[in-house]
Amino acid sequence: MEILVKLNAKSIEAIKPTDRRVEYPDHLVKGLRLIVQPTGIKTYQLRYRYNGQGKRLSLGRVDRGATLADVRDQARDAMLKVANGIDPSHQAKQVKEENISRVVDGTIASLLNRYAAERLSQLKSKGNALTFLREFRSEFGDLEINNFTKIQFTNLTARFVAEGKGTKANRVHTHIKTFYNWAIGVGITDTSPCDRVPKPYKERSRERFLLDDEIKLFWRATESDLEPWGHLYRYLLLTGQRLNEVAYMTDAELPEVDHWHLSSSRTKNALRHDVFLPSQAQHIINRNTRIAGNAGFVFTTTGEGAVRSFDKPNKRLRKRMNELAGRELEHFTPHDLRRTCETGLAMLGTPQPVIDRITNHITGRGMARVYNMYDYRNEKAEALQKWADHVEGLVNG
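Not measured: the values here are computed from a predicted model.

Thresholds, definitions, all that
Residues numbered from 1 in each chain as written. Predicted model: local features only at pLDDT ≥ 70, side-chain atom pairs only at ≥ 80, totals over all residues. Heavy atoms only, no water. Helix = DSSP H or I, 4+ residues; strand = E, 2+ residues; numbered from the N terminus. Rg over C-alpha atoms; globule rule 2.2 N^0.38 Å. Buried < 20%, exposed > 50% of the residue type's maximum accessible area, 1.4 Å probe, protein only. Areas by Shrake-Rupley, 256 points an atom, 1.4 Å probe, with all protein chains shown as cover. Lys, Arg positive; Asp, Glu negative; His and termini not counted. Charge placed at Lys NZ, Arg CZ, Asp CG, Glu CD. Axes fitted to C-alpha atoms, helices over the stretch in contact; angles between N-to-C directions. Parallel < 35°, antiparallel > 145°, perpendicular 65-115°, else oblique. Left-handed = near helix turned anticlockwise from the far one by under 90°. Contact = heavy atoms within 4.5 Å. Nonpolar A, V, L, I, M, F, W, Y, C, P; charged D, E, K, R; others polar. Core = buried A, V, L, I, M, F, W, Y, C linked by side-chain atoms within 4.5 Å. Salt bridge = Lys/Arg side-chain N within 4 Å of Asp/Glu carboxyl O. Expected span 1.5 Å × (residues − 1). Polar contact = N/O pair within 3.5 Å; in protein donor to acceptor, adjacent residues only side chain to side chain. pLDDT = per-residue confidence, 0-100.

### Structural notes on the overall build of the chain
Summing up its helical and strand segments, the chain has 16 helices and 6 strands in all. Relative to the 2.2 N^0.38 estimate, which gives 21 Å for 397 residues, the radius of gyration of the chain is 34 Å and therefore markedly larger than a compact globule would have. In terms of principal-axis extent, the alpha carbons of the chain reach across some 105 × 45 × 45 Å. Here the chain holds 397 residues, and the buried ones make up 42% of them. Split by element, the accessible area of the chain, about 22200 Å² in all, is 50% carbon and sulfur. For the chain, the distance from the average site of its 63 positive side-chain charges to the average site of its 48 negative ones is 7 Å.

Right, here's the structure in full:
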């Protein structure tokens with residue numbers, strides 16, 4: 001249905017909806033019309049012909065701020081494009097698709113994928129970073145990066161603190177903040193919701209290590225979950241090495257039966273490292289229960305990839321130790337096995353420089369150690385064998 005009315009701001013406001021769709025042609029711009037739906041929605045539309053076909057171009061809604069003066073200018077520009085052989089509706093569709101693509105590409109989930117490919121792929125800690133960003137992606141992945149607010153950021157980390165996961169809250173805080181710093185650095189955004197937000201939890205320096213009685217409980221507890229987790233944990237205790245470095249250990253890194261060599265690309269501090277293994281650790285590597293695979297991983301559940309996702313095995317181990325102890329033991333992590341080894345080495349009289357070389361710690365301010373692979377070999381081998389013998393004496397005593 002079409003009704004002739006001289007369109008202006010007052011007449012448009014006065015038009016009331018009917019039970020049918022009504023069109024009001026503009027008397028100044030040919031093809032421009034106001035369409036009023038029974039719902040009361042008022043829309044401007046331009047009708048024109050292009051290559052012999054009738055076309056329609058939506059120019060906005062009155063309730064969303066479209067004014068008659070602006071719409072007339074848009075309609076005149078569109079008709080000028082038609083005269084120059086350009087279809088304005090096709091051009092508008094392309095702009096709309098580009099805007100949609102820009103929004104999708106600007107979502108947190110999309111940018112996290114780019115962040116992982118461009119930045120995290122260069123880091124040894126990529127797995128840890130993605131783990132701590134998991135909830136961030138899950139809850140806010142569909143948001144455009146600039147729509148994630150400081151309130152949402154603080155509420156997310158505060159929730160972890162309330163759940164008793166203060167350390168996790170700090171790690172999530174750090175990784176989201178680093179993600180936004182990267183986004184600012186590559187020109188995706190200009191601001192960060194993490195700016196000037198302090199970490200939500202005050203961490204205490206850990207000094208946890210297993211006492212002799214706890215080492216006995218630990219060894220017994222690992223018996224119920226030996227392959228591969230129990231063997232992995234025992235190896236950590238016997239050698240004092242880092243969890244992720246042990247988890248990705250392969251046969252190719254064993255030039256000799258008692259020698260584990262890690263290249264600089266495999267270590268946290270990017271320094272090559274050599275561990276001269278006690279006999280007890282060698283037995284773990286050469287056990288006949290190992291899951292075979294072409295990749296040669298020493299600790300694997302599939303034969304194709306290294307072990308990962310340590311949370312559930314850690315919980316099983318602590319639960320079993322508590323059951324054996326008949327009480328709740330102080331919480332400990334795999335890293336505390338490394339500290340237990342260091343403490344034990346010191347207790348047995350190992351000099352600190354030798355302990356540092358066993359654990360691949362950089363000593364001396366600003367000084368990177370450079371030494372050949374057999375530097376301190378005898379001292380390191382003797383110290384670890386003495387410690388492994390001590391552990392064996394405890395668990396068999």
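We are not done yet, so read on.
### So, the packing of helix α9 (residues 212-222) against helix α13 (residues 311-325)
A pair of packed helices is captured by two measures, namely the crossing angle of their axes and the spacing between those axes. Where α9 contacts α13, the axes come no closer than 9 Å and their chain directions differ by 120 degrees. One way to sum up the angle between α9 and α13 is to call them oblique. Note on packing geometry: the crossing formed by α9 with α13 is right-handed. The residues of α13 that touch α9, namely those facing E214, L217, F218, R220, A221 and T222, are L317, R320, M321, L324 and A325. Grouping the constituent residues of the contact of α9 with α13 by class yields 7 nonpolar, 1 polar and 3 charged.

### Section: the nonpolar core
Counting residues in each nonpolar core, the largest one holds 44 residues, and the members touching the most others are F218, Y235, W260 and F299. With residues near it in sequence (within four places) discarded, Y235 still touches G240, V246, M249, W260, L277, A281, I284, I285 and F299. L111, A116, F148 and F179 belong to the second-largest nonpolar core, a separate cluster that totals 24 residues.

### Description of unusual backbone geometry
The amide bond that connects E227 to the next residue, P228, takes the cis arrangement and shows omega of -5 degrees. Tracing the backbone through its elements, the reader meets P228 in helix α10 (residues 226-239). Phi at R196 is positive, roughly 60 degrees, even though this residue is not glycine. By relative accessible area, which is 76% here, R196 ends up exposed.

### Here we look at the pattern of salt bridges
Applying the stated rule across the entire model yields 26 salt bridges. With its nearest N and O atoms 3.5 Å apart, the salt bridge here joins E245 to R242. This pair shows no difference in class: E245 is buried, exactly as R242 is.

### So, helix α8 (residues 166-185)
Here α8 is 20 residues long and its end C-alpha atoms lie 29 Å apart, about the 28 Å a rise of 1.5 Å per residue gives. Listed in full, the buried residues belonging to α8 are G166, A169, N170, V172, H173, H175, I176, F179, Y180, W182 and A183. Following α8 by one or two positions, G187 has its phi on the positive side, about 85 degrees.

### A few points about the environment of T67
With respect to the secondary-structure elements, T67 resides in the loop between β4 (53-61) and α2 (68-83). On the basis of relative accessibility, which here comes to 36%, the residue T67 falls in the partly exposed class. Along the chain, T67 and H361 lie 294 residues apart, while their C-alpha atoms are 70 Å from each other. Polar contacts involving the side chain of T67 include one to the side chain of D70, which spans 3.1 Å.

### A look at the confidence of the model for the chain
In the predicted model, the chain carries a mean pLDDT of 89, and 93% of its residues have values of at least 70. By mean pLDDT, helix α3 (residues 88-105) is the weakest element of the chain at 60, and helix α12 (residues 279-285) is the strongest at 97. Within the model, the stretch residues 99-104 combines pLDDT values under 50 with 1 contact to residues more than four positions away or in other chains. Below a pLDDT of 50 lies the segment residues 364-373, which in the model reaches 16 contacts outside its immediate sequence neighbourhood of four places, other chains included.

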